[in-house]
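Letter by letter, the chains look like this.
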2 protein chains.
Amino acid sequence: MRYENVKGTRDFLPKEMEKRQYILDVVRETFEEFGFVEIDTPSLEKWEVLSKKDAGGEGILEETYKFEDKSKDLIGLRYDLTVPLARFVAMNKKLPLPFKRYQIGKVWRYGDVSKGRLREFLQADIDIVGAESILADAEVLACASFALKKLKIDFLIRINSRKVLNSIMKKVGIKNEFVNDVLRSIDKLDKISENEVKKELFSKGFSKDVVEKIFEMIRSNSEELNVDGMEELNKLSEYLKLFDIRNFKIDFSLARGLDYYTGPIFEIVSKNKNIGSIAGGGRYDNLIELFSSEKIPATGISLGIERIFEILSDYPKKKRIFVALASEDVFEDAIKIVKMLREKFYVDYDLKGRKLSKQMEYANAKKFSIVIIVGKKDLENNKITIRDMESGEEKKINIKDLESFLENLKV
Amino acid sequence: MRYENVKGTRDFLPKEMEKRQYILDVVRETFEEFGFVEIDTPSLEKWEVLSKKDAGGEGILEETYKFEDKSKDLIGLRYDLTVPLARFVAMNKKLPLPFKRYQIGKVWRYGDVSKGRLREFLQADIDIVGAESILADAEVLACASFALKKLKIDFLIRINSRKVLNSIMKKVGIKNEFVNDVLRSIDKLDKISENEVKKELFSKGFSKDVVEKIFEMIRSNSEELNVDGMEELNKLSEYLKLFDIRNFKIDFSLARGLDYYTGPIFEIVSKNKNIGSIAGGGRYDNLIELFSSEKIPATGISLGIERIFEILSDYPKKKRIFVALASEDVFEDAIKIVKMLREKFYVDYDLKGRKLSKQMEYANAKKFSIVIIVGKKDLENNKITIRDMESGEEKKINIKDLESFLENLKV
């Protein structure tokens with residue numbers, strides 16, 4: 001019998017995890033530099049939280065894992081980190097506001113696997129709760145930008161506003177209750193073609209005339225349309241420049257799929273690889289109110305770690321050392337060297353009592369950077385042999401000089 | 001309406017996350033020093049993997065979250081990181097062995113909430129796959145010990161062997177097929193009293209005579225019992241001493257609840273706080289074979305991060321800086337200072353256009369270590385005011401000296 005992963009999920013090998021961990025370290029450090037603090041919420045949320053009207057919305061609930069636990073409570077796996085944050089804020093009313101939090105964690109969506117989308121993936125979110133100023137929107141965008149810059153990713157920020165979109169919808173005569181439905185279709189523009197989106201809108205019952213008018217307007221990006229929300233977008237542009245960010249453009253065709261957005265919305269795309277957005281977010285001034293009695297404005301952005309992982313080709317690799325035993329009788333001395341080196345380095349040794357040649361094969365297959373060979377005769381002279389696995393060069397050095405020798409190698 | 005967490009799950013506040021992150025950083029660094037490399041596997045596993053006969057066993061399956069996804073596939077949330085590792089190894093046959101991997105992730109068990117046990121909790125596991133030598137068992141124990149030592153936790157390692165327990169069971173006449181059932185009861189010894197365990201065994205149909213004999217033997221810890229597995233335990237003791245580990249004891253009453261163990265088993269308990277084990281594991285030489293056609297020996301240990309979190313009282317706190325604006329007209333200058341400082345420090349500033357007094361209240365409530373006050377007049381002389389929030393001391397310094405001043409404060 002062959003065993004497999006659950007469809008839409010995957011394992012990550014050590015080489016991949018080294019890269020992922022590098023991304024997370026950079027992202028986490030940047031979040032902290034921008035004054036965000038970390039929280040964690042459970043993967044499991046009550047269904048009544050996830051399905052709250054006007055939270056994520058119908059579109060996302062269709063993709064949400066939902067089940068009864070053993071006491072018949074209806075629960076689900078979170079589909080994002082924003083709705084749980086809203087619940088968290090409602091349950092922690094004494095938090096001094098603004099509350100700038102980050103959270104890094106898995107989310108689950110039962111999406112279309114055929115398009116290479118994972119059903120379990122990692123998000124890194126920053127949100128600012130309790131600040132109505134557009135400065136807060138600029139702050140989350142600046143923070144996300146700096147993280148991506150540190151990762152040397154070439155990107156473009158697309159910004160729009162739900163107010164602009166609502167205003168366009170009003171102008172073409174779409175009733176309030178159908179607006180989200182239209183936006184969910186428009187949101188698919190970076191996954192399917194414009195014609196396919198139009199077809200979807202026709203099939204939802206919107207007329208050719210209305211649909212064409214919508215596309216004319218969202219493709220114009222023009223201030224002359226005289227829509228609401230432009231003032232906000234201009235303010236956001238101003239603040240972004242203050243943070244030295246110039247790689248952004250206003251794009252009326254950006255919609256974002258979740259129902260809870262109320263103001264500016266944004267998305268970050270890679271300039272080099274066409275793999276959808278690598279970050280997305282926006283302002284959601286009404287979401288927290290759904291869980292709390294108070295109206296608390298909020299804005300945030302979510303970095304898609306899996307997507308960033310796909311784009312990133314270069315990252316610093318860790319130097320690892322393998323201590324090889326030339327013969328069994330040096331075992332205790334080798335362990336002493338291993339213990340000493342582990343205070344500063346990443347060190348492994350033979351656990352199987354293999355011959356030296358087999359140990360070298362293993363060290364090679366495992367891509368250790370350096371092998372230290374411990375031999376009986378060398379030990380008598382307080383020496384060991386160091387082999388650089390990349391160059392193949394070997395060198396005998398005194399044991400007492402080993403640490404400083406390796407430290408210099410590190411640079 | 002009041003919203004709540006799913007029963008048995010909890011949120012972690014920023015202060016708690018700073019502590020958790022510190023623990024994870026130390027643990028991760030130690031794992032790497034010992035030559036372990038990281039993998040990740042999905043939270044979701046196929047039910048046929050989790051429920052594989054002789055894997056975790058019946059006891060754990062009763063506590064496992066199980067549900068159908070939208071395509072009616074039966075899946076579950078992993079209850080540990082070991083069974084997924086066995087599947088991973090079976091699916092990656094080209095891995096050079098021994099494979100020393102670590103994994104840090106959430107696991108889910110529908111356990112008894114009344115005893116303060118969480119249903120979603122974080123484990124950090126190290127395992128060595130493909131090494132039959134007891135040296136590998138010593139290696140995982142040494143690694144776990146070093147991580148706990150770095151965290152300044154006072155602990156004791158209890159070691160036993162399934163071979164010892166099986167031998168005892170044989171001596172008192174327990175049939176093979178009932179052994180795991182007996183061990184699952186004995187495993188409860190650190191959660192319920194000896195009398196309650198005995199009662200449970202009576203109710204399972206074992207006679208008073210047999211149960212008393214079992215307890216006599218598991219309480220003896222004596223080599224004179226002449227049971228199998230003692231040679232292994234002595235070898236393990238020897239290796240542990242080689243790694244400078246002396247805080248361990250052989251304890252025949254240690255059973256471990258999972259079915260898959262075959263050799264040495266171990267558990268680490270806190271000396272100061274009675275909160276159950278903070279780490280546990282053992283050798284499982286038959287588990288991987290269940291998923292693969294090959295027999296591949298393995299051993300490992302799992303650190304319970306939530307338990308370590310409970311024990312740890314002291315950890316290094318991060319210094320955070322708040323930049324306060326004395327008046328609105330210094331906004332652009334303040335942003336310049338924020339941008340500069342963020343290259344090295346954790347920096348926040350006012351997002352709400354509040355008065356200075358309100359900003360100071362906020363900085364105080366949020367426990368910032370340092371506040372930098374940017375004022376119009378000071379700026380004219382290229383100065384800013386620095387306030388140490390712990391001592392209350394204030395000092396005016398030149399802006400160009402700001403960075404080096406803060407760096408010295410850090411030490």
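Thresholds, definitions, all that
- Residues numbered from 1 in each chain as written.
- Chains lettered and ligands numbered in written order.
- Predicted model: local features only at pLDDT ≥ 70, side-chain atom pairs only at ≥ 80, totals over all residues.
- Helix = DSSP H or I, 4+ residues; strand = E, 2+ residues; numbered from the N terminus.
- Buried ≥ 20, exposed ≤ 12 C-beta atoms within 10 Å, placed from the backbone.
- Pairing = 2+ DSSP bridges.
- Axes fitted to C-alpha atoms, helices over the stretch in contact; angles between N-to-C directions.
- Contact = placed C-beta atoms within 7 Å.
- Domains from an automatic or database assignment.
- Arc of directions from axis to C-beta.
- Least-squares fit on C-alpha atoms with pLDDT ≥ 70 in both.
- Parallel < 35°, antiparallel > 145°, perpendicular 65-115°, else oblique.
- Left-handed = near helix turned anticlockwise from the far one by under 90°.
- Nonpolar A, V, L, I, M, F, W, Y, C, P; charged D, E, K, R; others polar.
- Right-handed = clockwise from strand over helix to strand, strands pointing away.

So, about the overall build of chain A. A tally of regular secondary structure across chain A gives 15 helices and 16 strands. Counting only C-alpha atoms and orienting by the principal axes, one finds that chain A spans roughly 90 × 55 × 50 Å. Taken over 411 residues, chain A has a buried fraction of 43%.

Here the focus is the sheet that holds strand E14 (residues 370–374) of chain A. Residue and element names in this part refer to chain A. Judged by pairing direction, the sheet is mixed, and its 5 strands sit side by side in the order E13-E12-E14-E15-E16 without closing on themselves. Of all strands in the sheet, those with a lone pairing partner are strand E13 (346–349) and strand E16 (394–398), marking the two edges. If you compare each strand with its neighbour and ignore which way they point, the axes differ by 25 degrees on average. Together, strand E12 (320–325), E13 and E14 form the strand contacts of helix H12 (residues 331–341), whose direction differs from that of E12 by roughly 170 degrees. Along the sheet, helix H13 (residues 356–365) makes contact with E12 and E14, crossing E12 at roughly 170 degrees.

Let us now look at the domain arrangement of chain A. Its domain assignment divides chain A into domain 1 (14–311) and domain 2 (320–410). The straight-line distance from the C-alpha centre of domain 1 of chain A to that of domain 2 of chain A is 50 Å.

This next bit is on the environment of Thr-9 of chain B. With respect to the secondary-structure elements, Thr-9 of chain B resides in the segment before helix H1 (14–33). Using a count of 21 C-beta atoms within 10 Å as the deciding quantity, one classes Thr-9 of chain B as buried. Other than its neighbours up to four places away in sequence, Thr-9 of chain B contacts Pro-42 and Leu-44 of chain A together with Leu-118, Arg-119 and Glu-120 of chain B.

In this section: the environment of Leu-258 of chain B. Residues and elements named next belong to chain B. With respect to the helices, strands and loops of the structure, Leu-258 is situated in the loop between strand E8 (248–250) and strand E9 (264–270). In the structure, Leu-258 is positioned 29 residues away from Leu-287 in sequence and 11 Å away in space, judged by C-alpha atoms. Once residues lying within four places of it in the same chain are set aside, the contact partners of Leu-258 are Gly-56, Gly-57 and Ile-60.

Turning our eyes to something else, we now look at H12 of chain A. An α-helical turn contains 3.6 residues, so a residue and the one three or four places further along point in the same direction. Here H12 of chain A has its buried residues at Ala-334, Ile-335, Ile-337 and Val-338 of chain A. Angularly, the buried residues of H12 of chain A cover 160 degrees about the axis, an arc narrow enough to put them on a single face.

Put simply, Leu-97 of chain A and Pro-98 of chain A share a cis peptide bond, and its omega is -5 degrees. Non-glycine residue Asn-221 of chain B carries a positive phi angle of around 50 degrees. Structurally, the position occupied by Asn-221 of chain B is in the loop between helix H9 (208–218) and helix H10 (230–242). With 15 C-beta atoms counted inside 10 Å, the residue Asn-221 of chain B sits in the partly exposed group.

If you look at the interface, chain A gives 64 residues, while chain B gives 64 residues. The dominant element in the side of chain A that touches chain B, judged by the number of residues it contributes, is helix H1 (residues 14–33) of chain A, at 5 residues.

Turning to the sheet that holds strand E2 (residues 44–46) of chain A, a few remarks are in order. All names here are of chain A. Strand order in the open sheet formed by 3 strands is E2-E4-E3, and the pairing between neighbours is antiparallel. Sheet topology places E2 and strand E3 (66–68) at the edges, where each strand pairs with a single neighbour. In this sheet, neighbouring strand axes are inclined to one another by 40 degrees on average, regardless of whether the strands run parallel or antiparallel. For E2 and strand E4 (residues 74–77), the ladder comprises 3 bridges, and the chain directions are antiparallel. Bridged to Leu-44 within E4 is Leu-77.

Between chain A and chain B, which share one sequence, the superposing operator has a rotation angle of 180 degrees and an axial displacement of 0.0 Å; the RMSD is 0.0 Å. One copy is carried onto the other by what is essentially a two-fold rotation axis. Looking at the rotation axis and the C-alpha trace of chain A, the residue lying nearest is Phe-67 of chain A, at 3.1 Å. A symmetric contact is evident, with 100% of the interface residues of chain A recurring at the interface of chain B.

Time to look at the packing of helix H8 (residues 194–203) of chain A against helix H9 (residues 208–218) of chain A. All names here are of chain A. One way to put it is that H8 packs onto H9 with a least axis distance of 10 Å and a crossing angle of 140 degrees. As judged from the angle between their axes, H8 and H9 are oblique. In this structure, H8 meets H9 at a crossing whose hand is right-handed. The segment H8 lies against H9, with Glu-194, Lys-198, Leu-201 and Phe-202 engaging Lys-208, Val-211 and Phe-215. Class assignment for the residues of the contact of H8 with H9 results in 4 nonpolar, no polar and 3 charged.

In this section: the environment of Leu-379 of chain B. Residue and element names in this part refer to chain B. Positionally, Leu-379 belongs in helix H14 (residues 376–380). The class of Leu-379 is partly exposed, set by 17 C-beta atoms lying within 10 Å. Placed 337 residues apart in sequence, Leu-379 and Pro-42 show a C-alpha to C-alpha distance of 54 Å. The contact partners of Leu-379, leaving out residues within four places of it in the chain, are Val-330, Asp-333 and Val-374.

The subject of this paragraph is the pairing of strand E12 (residues 320–325) of chain B. All names here are of chain B. By the criterion of burial, E12 is predominantly enclosed, with 5 of the 6 residues buried. After leaving E12, the chain enters helix H12 (residues 331–341) and then returns to the sheet as strand E13 (residues 346–349), a path that is right-handed. By the bridge criterion, 5 bridges tie E12 to strand E14 (residues 370–374) in an arrangement that is parallel. When the bridges of E14 are listed, Phe-322 appears paired with Val-371.

This next bit is on the pairing of strand E4 (residues 74–77) of chain B. Residues and elements named next belong to chain B. Alignment of strand E3 (residues 66–68) against E4, held across 3 bridges, turns out to be antiparallel. Each bridged residue has a counterpart across the sheet, and for Glu-68 the counterpart in E4 is Leu-74. Between E3 and E4, which follow one another and run antiparallel, lie 5 residues, and Lys-72 among them has a positive phi close to 65 degrees.

Attention now moves to the packing of helix H5 (residues 134–150) of chain B against H10 of chain B. All names here are of chain B. At a closest axis distance of 9 Å, the pairing of H5 and H10 adopts a crossing angle of 50 degrees. Regarding the angle of H5 to H10, the classification is oblique. Remark: the crossing between H5 and H10 carries right-handed chirality. In this structure, H5 contributes Ile-134, Leu-135, Asp-137, Ala-138 and Leu-141 to the contact, and H10 contributes Glu-232, Lys-235, Leu-236, Tyr-239 and Leu-240.

Residue and element names in this part refer to chain B. By the burial criterion, the buried members of helix H13 (residues 356–365) are Gln-359, Tyr-362 and Ala-363. The arc that holds the buried residues of H13, viewed along the axis, is 100 degrees, so those residues lie on one side. Away from the buried face of H13 by more than 90 degrees, exposed residues Ser-357 and Ala-365 are located. Close packing links the buried residues of H13 with E12 and E14. Of the residues flanking the end of H13, it is Lys-367, one or two places downstream, whose phi is positive at about 60 degrees.

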